[in-house]
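Next come the chains, spelled out residue by residue.
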Amino acid sequence: MENCIFCKIINQEIPSYKIYEDEDVYAFLDIGQATPGHTLLIPKTHVTDIFSYDHALAEKTFARLPKIARAIEAAFPEIEGLNIVNNNKELAYQTVFHSHVHLIPRYTKEDDFSMHFGNHIGQQTTEELTEMAEKIAKQVK
Ligand code: 5GP
Ligand code: ZN
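Note that the coordinates shown come from a computational prediction; the quantities given were computed from them, not determined experimentally.

How should the coordination of the zinc ion (ligand 2) be read in this particular structure?
The reference angle at a metal is 109.5 degrees if four donors form a tetrahedron and 90 or 180 degrees if six donors form an octahedron. Summarising the metal site, the zinc ion (ligand 2) is bound by the protein donors Cys4 (SG), Cys7 (SG), His46 (ND1) and His98 (ND1), whose distances to it range over 2.1 to 2.3 Å. Between consecutive donors of the zinc ion (ligand 2), the numbers of intervening residues give the motif C-x2-C-x38-H-x51-H. Placement of the pair is Cys7 in helix α1 (residues 5-10) and His46 in the loop between β3 (39-43) and α2 (55-62), with a sequence separation of 39 residues.

Sorry, what's going on with helix α3 (residues 65-75) here?
An α-helical segment advances 3.6 residues per turn. Residues three or four places apart therefore align on the same side. Those residues of α3 that fall on the buried side of the exposure criterion are Leu65, Ile68, Ala69 and Ile72. Down the axis of α3, the sector holding all buried residues measures 100 degrees, keeping them to one side. Facing away from the buried side of α3 by over 90 degrees, the exposed positions are Arg70 and Ala74. Where the residues of α3 are buried, they touch β1 (18-21), β2 (25-29), β3, α2, β4 (81-85) and β5 (101-106).

Whenever I open this one, the pattern of salt bridges confuses me. Can you help?
Here the structure, examined in full by the defined rule, presents seven salt bridges. The shortest N-O distance in the salt bridge between Arg64 and Asp22 comes to 2.6 Å. Taken together, the residues Arg64 in the loop between α2 and α3 and Asp22 in the loop between β1 and β2 connect sequence positions 42 residues apart. Salt bridges linked by common partners bring Asp22, Asp24, Lys60 and Arg64 together as one network.

Any chance you could explain the pairing of β5 here in plain terms?
A regular strand places its side chains on the two faces of the sheet in alternate fashion. Burial analysis of β5 places six of its six residues in the buried class, the great majority of the element. Every second residue of β5 is oriented toward a common face, with Val101, Leu103 and Pro105 on one face and His102, Ile104 and Arg106 on the other, all of them buried. Both β3 and β5 contribute to a ladder of three bridges, which runs antiparallel. Note on β5: the bridge partner recorded for Thr39 is Leu103. As defined by bridge partners, β4 adjoins β5 across five bridges and the pair is classed as antiparallel. Looking at β5, one finds that Val85 is bridged to His102.

Even after reading the chapter, I still don't get the nonpolar core, so can you show me in this structure?
Nonpolar side chains in soluble globular proteins tend to be buried together. Membership of the largest hydrophobic core is limited to 11 residues, which are Val25, Ala27, Leu41, Leu65, Ile68, Ala69, Ile72, Ile79, Val101, Leu103 and Tyr107. Among the elements that line this core, the one with the most residues is α3, at four residues. If we ignore the near neighbours within four places in the chain, the residues touching Leu41 are Val25, Tyr26, Ala27, Thr61, Arg64, Leu65, Ile68, His100, Val101 and Leu103. Formed by 10 residues, the second largest nonpolar core is a distinct cluster that contains Ile10, Tyr26, Leu40 and Val96.

What am I meant to see in the packing of aromatic side chains here?
Remark: the centre distance and the inter-plane angle together describe each pair of aromatic rings, the angle taken between the planes. This model, assessed by the stated rule, comprises four aromatic pairs. With 6.4 Å between their ring centres and 85 degrees between their planes, Phe76 and Tyr107 make a pair best called edge-to-face. Here Phe76, found in the loop between α3 and β4, pairs with Tyr107, found in the loop between β5 and α4 (126-137); they are 31 residues apart in sequence, far enough to count as distant. On the accessibility criterion, Phe76 (27% relative accessible area) is partly exposed. Cluster of aromatic residues (ring-pair linked, three or more members): Phe6, Tyr26 and Phe28.

Is there a simple way to explain a nonpolar patch on the surface in this structure?
On the surface, a cluster of nonpolar side chains totalling about 410 Å² of accessible area is made up of Leu129, Met132, Ile136 and Val140. Looking at the element boundaries, Met132 is found in helix α4. A residue is classified by how much of its surface remains accessible, and Met132, at 43% relative accessible area, is partly exposed.

What counts, and where the lines are drawn
- Residues numbered from 1 in each chain as written.
- Chains lettered and ligands numbered in written order.
- Predicted model: local features only at pLDDT ≥ 70, side-chain atom pairs only at ≥ 80, totals over all residues.
- Heavy atoms only, no water.
- Donors = N, O, S within 2.8 Å, 3.2 Å for Na, K, Ca; no water.
- Helix = DSSP H or I, 4+ residues; strand = E, 2+ residues; numbered from the N terminus.
- Buried < 20%, exposed > 50% of the residue type's maximum accessible area, 1.4 Å probe, protein only.
- Arc of directions from axis to C-beta.
- Contact = heavy atoms within 4.5 Å.
- Salt bridge = Lys/Arg side-chain N within 4 Å of Asp/Glu carboxyl O.
- Pairing = 2+ DSSP bridges.
- Core = buried A, V, L, I, M, F, W, Y, C linked by side-chain atoms within 4.5 Å.
- Phe/Tyr/Trp six-rings, centres within 6.5 Å; stacked < 30°, edge-to-face > 60°.
- Patch = residues over 30% accessible without salt bridge, like charges linked within 9 Å, V, L, I, M, F, W, Y side chains within 5 Å.
- Areas by Shrake-Rupley, 256 points an atom, 1.4 Å probe, with all protein chains shown as cover.

In structure tokens, the structure reads:
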């Protein structure tokens, strides 16, 4: 897609630190290394976010994650963990609107990467949770 920075990276119009490429995906270092080895995996097909994938594209793209994760682990045996993050839409911190998955190696608790999951256990009734699950379940297609 025109004017998409990640499409330009795939097409070699702008440089990147490539890690892996095949007919379906491209993986490269994030320009802003949240932690050393921070990698982005993108589908070669331009889709904006998770809501735009069809089954086949999702299968091709997300199936590559373990391969890249294992490569990062093998390259940095000292890593103690790996966060896989996918931001969708501006509110959810997406800044580049060609869908991508972050693989962020974790070294220590002080490696300057964190995720906060607010703890709201017990704040909904059983009925509210049942209703919520049913509401979503009905939409699964
Ligand atoms: P988002 O905030 O959309 O989840 O993540 C976008 C990521 O793309 C950011 O972590 C940012 O550092 C990275 N990024 C933005 N522009 C470029 C670029 O031109 N090259 C590379 N390699 N990464 C980029
Ligand atoms: Zn694109």
